Amino acid sequence: MRQAVPVESLTEWVPGIKFIRAWTFVRRTGSTRHPSGYIENFHRLRIGFGCQFDRGVSIAGGNDERGFLSIGDRCVLRQDAYVSGRRGTVSIGADSYLGHRVWIGGQGIVDLGPWSLVAPNVVIISSNHRFRDGSVPYVEQDESPGAVSLGANVWVGANSVL
């Protein structure tokens with residue numbers, strides 16, 4: 001069985017050009033990607049083999065040692081899906097499907113098991129704003145990380161918020 005290729009093992013990148021980096025990365029994993037989306041933070045990102053990314057899909061690996069994004073083999077991310085492991089850990093199991101305009105992220109942990117089906121317009125977020133002091137703007141208060149874990153073969157219905 002083939003294993004996902006960590007980005008740091010790819011040597012064919014053109015330094016400083018994100019589009020070519022993203023295209024080379026996706027091509028090397030046997031995945032397909034529409035050019036209008038974006039991929040960023042390659043050093044904390046893993047994409048499995050045979051994934052399909054539709055138009056407008058945006059994925060982001062981790063910004064620091066806490067953040068990481070892993071997408072399993074043969075996953076499908078439909079138009080305008082957004083998945084971010086910038087400040088938290090996101091893991092999407094093999095053979096999963098994320099519908100149109102799905103939004104996944106947060107500062108905590110999101111774990112979708114294999115064969116997960118996430119319908120359109122679903123939001124899965126693993127953190128919440130703290131509300132300790134009403135005199136301080138909420139945007140200036142930190143966030144409280146949590147965890148969202150879905151097992152294997154799970155269906156999340158349209159417009160759900162987890």
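Values in this document were obtained by computation on a predicted structure and should not be read as measured data.

Novice: So what exactly am I meant to see when it comes to the pairing of strand E7 (residues 68-71) here?
Specialist: Regular strands have side chains that alternate between both faces of the sheet. Alignment of strand E4 (residues 45-47) against E7, held across three bridges, turns out to be parallel. For Leu45, the partnering residue across the bridge sits in E7 and is Leu69. When E7 meets strand E10 (residues 89-92), the two strands line up parallel, connected through four bridges. Note on E10: the bridge partner recorded for Leu69 is Val90.

Novice: Help me understand the environment of Ile39 in this model?
Specialist: With respect to the helices and strands, the residue Ile39 is situated in strand E3 (residues 38-40). When the C-alpha positions of Ile39 and Ser84 are compared, they lie 9.8 Å apart, and in sequence the two are 45 residues distant.

Novice: It is not clear to me how the confidence of the model for the protein chain should be interpreted in this structure. Could you clarify?
Specialist: Caution applies to low-pLDDT parts of the model: their predicted coordinates are not meant to be read in detail. Here the protein chain shows a mean pLDDT of 79. Residues at 70 or above account for 77%. When mean pLDDT is compared element by element in the protein chain, strand E14 (residues 117-118) scores highest at 98, while strand E1 (residues 5-6) scores lowest at 41. Every residue in residues 1-24 is under pLDDT 50, and counting partners more than four places away or in other chains gives 42 contacts.

Novice: Just to check I follow, could you spell out the layout of surface pockets for this structure?
Specialist: Once rolled over the atoms, a probe with the size of a water molecule shows which space is left empty. In this structure, the largest pocket spans a volume of roughly 170 Å³. Ser84, Arg87, Trp103, Gly105 and Gly106 are the residues nearest the centre of the largest pocket, which is lined by 15 residues in total. When contributions to the lining of the largest pocket are tallied by element, the ones reaching two or more residues are strand E9 (82-84), strand E12 (103-105) and strand E16 (127-129). With three residues, E12 is the single largest residue contributor to the lining of the largest pocket.

Novice: Even after reading the chapter, I still don't get the pattern of salt bridges, so can you show me in this structure?
Specialist: Between side chains of opposite charge, a pair can form as their charged atoms come close. For the structure on display, the rule yields four salt bridges. We note a salt bridge from Arg74 to Asp73, for which the minimum N-O separation is 3.9 Å. Residue class for Asp73 comes out buried when judged on its relative accessible area of 12%. Ionic pairing is found between Arg74 and Asp95, a salt bridge with its closest N-O pair at 2.8 Å. On the criterion of sequence distance, the pair formed by Arg74 in the loop between E7 and strand E8 (76-77) and Asp95 in the loop between E10 and strand E11 (97-98) is long-range, its members being 21 residues apart. A single network of salt bridges, built from pairs that share partners, joins Asp73, Arg74 and Asp95.

Analysis parameters
Residues numbered from 1 in each chain as written. Predicted model: local features only at pLDDT ≥ 70, side-chain atom pairs only at ≥ 80, totals over all residues. Heavy atoms only, no water. Pairing = 2+ DSSP bridges. Helix = DSSP H or I, 4+ residues; strand = E, 2+ residues; numbered from the N terminus. pLDDT = per-residue confidence, 0-100. Contact = heavy atoms within 4.5 Å. 1 Å grid on protein atoms, 1.4 Å probe; cavity = no way out; pocket = protein on both sides within 12 Å on 5 of 7 lines; lining within 4 Å. Points joined across faces, edges and corners; volume = space filled by probe spheres on them. Salt bridge = Lys/Arg side-chain N within 4 Å of Asp/Glu carboxyl O. Buried < 20%, exposed > 50% of the residue type's maximum accessible area, 1.4 Å probe, protein only.

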